[in-house]
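For reference, the chains in residue letters:
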Amino acid sequence: MSVAKQLYQLQEVDLELESNEQSLSRITSQLGKSKPVDEARDKLTVERQRLEEVGRQQHSVEWEIDDLTSKLTAIEKELYSGRIRNPKELTNLQHESDGLKAKRSQLEDKALEIMDQVELATRSVSTLTSELELLETEWQSQQQQLSAQLEQLKTVVSNLKHKREQLAAEIDPQAIEVYHELKKHRGTAVAKVEQGICRGCRISLPISELQQTRSGSLVRCSSCGRILYLA
Ligand SMILES: [Zn+2]
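Residues numbered from 1 in each chain as written. Predicted model: local features only at pLDDT ≥ 70, side-chain atom pairs only at ≥ 80, totals over all residues. Heavy atoms only, no water.

Moving on: the overall build of the protein. A count of helical and extended segments in the protein gives five helices and four strands. Starting at the N terminus and ending at the C terminus, the protein contains elements arranged as α-α-α-α-β-β-β-α-β. For the protein, the spread of C-alpha atoms along the principal axes amounts to about 135 × 35 × 25 Å. Looking at the protein as a whole, 31% of its 231 residues qualify as buried. Contacts in the protein between residues at least 24 apart in sequence constitute 71% of all its contacts with a sequence separation of at least 6. (Helix = DSSP H or I, 4+ residues; strand = E, 2+ residues; numbered from the N terminus. Buried < 20%, exposed > 50% of the residue type's maximum accessible area, 1.4 Å probe, protein only. Contact = heavy atoms within 4.5 Å.)

Printed below as a string of structure tokens:
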């Protein structure tokens with residue numbers, strides 16, 4: 001086998017290796033974190049806090065209403081007990097009762113508003129919880145798929161590395177050095193020759209270069225410097 005063909009095979013393995021290593025790092029970067037799941041979790045936390053807050057407000061208003069009601073009950077009991085005869089005292093008690101009733105009515109309106117807010121927040125928490133569960137399920141199955149792909153790719157990469165080592169061991173070290181140097185500066189080191197043209201730079205090769213290439217010796221394109229490979 002000509003050195004050019006050996007180097008061409010090496011280049012094919014290198015290209016495959018690079019492409020698989022790129023996939024490997026892409027998948028690695030997708031493992032372990034999820035912006036949508038984190039965002040959904042944050043939204044749910046905020047909404048739960050809001051629900052707790054309105055829940056606290058609801059209890060506090062209800063407590064105030066209960067407190068007023070027991071005060072009112074006591075006053076009314078006093079009013080209708082017949083024990084109080086003094087008209088001024090009765091009028092005062094009546095005023096106090098009216099005032100408490102007005103205050104209780106205000107609080108009852110407030111309680112209704114808060115109840116609406118509690119309902120809204122409860123529904124919102126329930127919707128966001130379902131959304132988060134769905135996202136987490138999707139995320140977990142995606143992670144499992146990615147992990148499986150990752151394992152497969154690791155095997156492919158390891159096999160390719162092994163293949164590369166075997167190929168490289170059979171090639172003249174000096175030729176490999178030239179290959180690496182070209183790869184570094186030109187991206188690809190070995191260019192196919194098709195219809196007398198170097199596929200690396202698309203320039204027609206002189207007859208002498210073509211003949212040398214045909215003979216199997218290591219020839220480099222006089223235009224781009226790449227190693228010429230005639231299939
Ligand atoms: Zn060329």
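Next up on the list: the coordination of the zinc ion. Within the protein, C198 (SG), C201 (SG), C221 (SG) and C224 (SG) serve as the donor atoms for the zinc ion, at 2.3 to 2.4 Å. Angles of 106 to 113° at the metal separate the four donor atoms of the zinc ion, which places the site in the tetrahedral class. Look at where the donors of the zinc ion fall in the sequence and you get C-x2-C-x19-C-x2-C. One end of the pair, C201, is in the loop between strand 2 (197-198) and strand 3 (203-204); the other, C224, is in the loop between helix 5 (207-215) and strand 4 (227-229), and 23 residues separate them in sequence. (Donors = N, O, S within 2.8 Å, 3.2 Å for Na, K, Ca; no water. Tetrahedral: all angles 85-135°; square planar, octahedral: opposite > 155°, others 65-115°.)

This brings us to the confidence of the model for the protein. When pLDDT is averaged along the protein, the result is 95, and 100% of the positions lie at 70 or above. Per-element averaging of pLDDT across the protein places helix 5 at the bottom with 92 and helix 3 (residues 87-169) at the top with 97. (pLDDT = per-residue confidence, 0-100.)

Along the chain, K71 turns up in helix 2 (residues 35-79). Using a relative accessible area of 44% as the deciding quantity, one classes K71 as partly exposed. Distance in space between the C-alpha atoms of K71 and Q152 is 76 Å, their sequence separation being 81 residues.

Phi at Q195 takes a positive value of approximately 50°, unusual for a residue other than glycine. Relative to the helices and strands, Q195 resides in the loop between strand 1 (190-194) and strand 2. With relative accessibility at 81%, the residue Q195 sits in the exposed group.

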